[in-house]
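Listed below are the residues making up each chain.
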Amino acid sequence: MEHFRIVIIGGGPIGIACGLEAKKKGLSYVIIEKGPIVNSLFNYPINMQFFSSSEKLEIDNIPFISKDAKPKRNEALEYYRRIVTSNELNIHLFERVQSVEKSDEVFRVVSNKATYTSDNVIVATGFYDLPNLLNIPGEHLPKVSHYYNDPHFYASQKLAVIGASNSAIDAALECWRKGSEVTLIIRGYEVGQRVKYWVRPDIINRIEEGSIKAYYNATVKEIRKTEIVIDTPDGEVILENDFVLALTGYMPNFEFLQNLGIALSDDEKRLPQYNPETMETNIPGLYLAGVICGGMETHKWFIENSRIHAPMIIDAIKNKAAITAKS
Ligand SMILES: Cc1cc2nc3c(=O)[nH]c(=O)nc-3n(C[C@H](O)[C@H](O)[C@H](O)COP(=O)(O)OP(=O)(O)OC[C@H]3O[C@@H](n4cnc5c(N)ncnc54)[C@H](O)[C@@H]3O)c2cc1C
């Protein structure tokens, strides 16, 4: 059984930043990632463009050179992959962490491939694995997806897009431009205010000119094989439908956090408990990094503002070790 000073769970941008920082500071570490390098980004829509400019996605001040001001998914894959390979980071891919237990000040981390022990664990598991479900009849039909990839698939099809944030609006516009008949179903009264500033006018204009049909203050009640049923302020509407993209956001794996013993707030935000100066949770030696910190408030943390977690955590681990050595 291998022992490390730090086991990092999740090989997204922030898990990688933690590994890089641990390596720089001479602490033994392993990053365990259940998919490929930056698995969440790999699964983003194929043409996805970040809302952040490339320098805001940089980790450890390593320049991220991008063709345009806002980089695309494939440029980000290139960037983070090169960081992992050229720094020879110790990362185990396609290995899923199943449990973490602590006894006698040592963590025992069990994956589907091996068991490790460590003095510290950093959880950087993001939020992209679990979609916010609609919990309506028909949601599990094969024509319904909570992830969007390539507009080509939906060409010449009647497509319903549920949601009003960046993912839904990007999908609606792209698919319409590739020849889908798109209907947007928006729970609120407007297109989300956080939609990228250069995309929002585009969708509003497409709706106003009638190219994309939008239902506001509306919810999908049922999805059938060839139809969807929508509740609108003007009553029930039944539309012919081939495919549904339910892009209503994602949430962290709370069960995983709770099984680790991390306390969550009792309200609907389900915020995990941690010290904002060190990122250490209520379990000493167990840290949180990246977007996982936001609980249900998944819009609070991005790469942009959570990349600082890496130096904060590694400094905290080093300082703790220095204090223990002195006493
Ligand atoms: C469509 C979209 C666009 C975004 N655009 C931007 C943007 O422009 N700018 C910005 O700053 N942020 C953006 N974000 C938000 C944020 O940057 C991303 O969510 C980013 O991926 C967060 O990095 P992370 O390392 O915290 O988590 P993730 O990248 O999600 O990494 C977590 C990793 O943990 C792995 N994992 C999970 N569970 C386990 C387990 N049990 N064992 C092993 N591995 C596990 C996952 O496979 C994943 O690779 C966007 C998010 C989305 C969804």
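See the structure shown above.
Reading guide: rules and limits
Residues numbered from 1 in each chain as written. Predicted model: local features only at pLDDT ≥ 70, side-chain atom pairs only at ≥ 80, totals over all residues. Heavy atoms only, no water. Near = heavy atom within 4 Å. Polar contact = N/O pair within 3.5 Å; in protein donor to acceptor, adjacent residues only side chain to side chain. Areas by Shrake-Rupley, 256 points an atom, 1.4 Å probe, with all protein chains shown as cover. Helix = DSSP H or I, 4+ residues; strand = E, 2+ residues; numbered from the N terminus. Pairing = 2+ DSSP bridges. Axes fitted to C-alpha atoms, helices over the stretch in contact; angles between N-to-C directions. Core = buried A, V, L, I, M, F, W, Y, C linked by side-chain atoms within 4.5 Å. Buried < 20%, exposed > 50% of the residue type's maximum accessible area, 1.4 Å probe, protein only. Contact = heavy atoms within 4.5 Å. Parallel < 35°, antiparallel > 145°, perpendicular 65-115°, else oblique. Left-handed = near helix turned anticlockwise from the far one by under 90°. 1 Å grid on protein atoms, 1.4 Å probe; cavity = no way out; pocket = protein on both sides within 12 Å on 5 of 7 lines; lining within 4 Å. Points joined across faces, edges and corners; volume = space filled by probe spheres on them. Nonpolar A, V, L, I, M, F, W, Y, C, P; charged D, E, K, R; others polar.

Chemist: Pulling in residues and values, what's your account of the site of the ligand?
Modeler: In the vicinity of the ligand, 33 residues are found, and the nearest of them are Glu33, Ser40, Phe51, Ser52 and Ile303. One of the backbone N or O atoms of isoleucine 14 is found 3.0 Å from an oxygen atom in the ligand. Measuring from a nitrogen atom of the ligand, one finds a backbone N or O atom of lysine 34 at 3.1 Å. Here the ligand has 970 Å² of accessible area as a free molecule, and 94% of this is covered by the chains. Contributions of two or more residues to the shell around the ligand are made by helix 1 (13–24), helix 2 (39–42) and helix 7 (303–306). Looking at the shell around the ligand element by element, the count peaks at three residues for helix 2.

Chemist: Summarise the sheet that holds strand 14 (residues 235–240); cite the residues concerned and give the values.
Modeler: Strands belonging to one sheet form pairs held by backbone hydrogen bonds; the direction of such a pair is parallel or antiparallel. Across the sheet, which stays open at both edges, the three strands sit in the order 12-13-14 with antiparallel pairing between neighbours. Among the strands making up the open sheet, the edge pair consists of strand 12 (219–223) and strand 14. If you compare each strand with its neighbour and ignore which way they point, the axes differ by 25 degrees on average. Strand direction decides the pairing type here: strand 12 and strand 13 (residues 227–232), joined by four bridges, are antiparallel. Bridge pairing in strand 13 links valine 220 to isoleucine 230.

Chemist: Describe in detail the nonpolar core, supporting the description with residues and values.
Modeler: Core analysis: the biggest nonpolar cluster contains 90 residues, and Tyr80 and Leu184 have the highest contact counts within it. Beyond its immediate chain neighbours, meaning those up to four positions away, tyrosine 80 contacts Pro13, Ile16, Ile37, Val38, Leu41, Leu57, Ile59 and Ile303. The next biggest cluster of nonpolar side chains, apart from the first, holds 15 residues, and it includes Ile185, Ile230, Val244 and Ala246.

Chemist: Please give an account of the packing of helix 1 against helix 8 (residues 309–326) that cites residues and values.
Modeler: Contact pair helix 1 / helix 8: the axes reach a minimum separation of 8 Å and the direction vectors enclose 40 degrees. The pairing of helix 1 with helix 8 is recorded here as oblique in orientation. Of the two possible hands of crossing, helix 1 and helix 8 adopt the one that is right-handed. Across the interface between the two elements, Ala17, Cys18, Glu21 and Ala22 from helix 1 touch Ala310, Pro311 and Ile314 from helix 8.

Chemist: Which residues make up the sheet that holds strand 8 (residues 144–145), and what are the values?
Modeler: Pairing within the open sheet is parallel, and its five strands lie in the order 8-15-9-10-11. Looking at the sheet topology across the chains shown, the edges are occupied by strand 8 and strand 11 (213–215). Note: strand 9 (residues 158–162) against strand 10 (residues 181–185), five bridges, orientation parallel. Residue pairing across strands places lysine 158 opposite glutamate 181, the latter belonging to strand 10.

Chemist: Lay out the layout of surface pockets in plain terms, naming residues and giving numbers.
Modeler: Taken as a whole, the second largest pocket encloses approximately 240 Å³ of empty space. Taken together, Arg5, Lys102, Glu105, Asp119, Asn120, Pro284, Gly285, Ile317, Lys320, Ala321 and Thr324 form the lining of the second largest pocket. Counting residues per element, the ones that place at least two in the lining of the second largest pocket are strand 6 (115–123) and helix 8. The greatest single-element share of the lining of the second largest pocket, amounting to four residues, is contributed by helix 8. Of the residues in the lining of the second largest pocket, the class split is three nonpolar, three polar and five charged.

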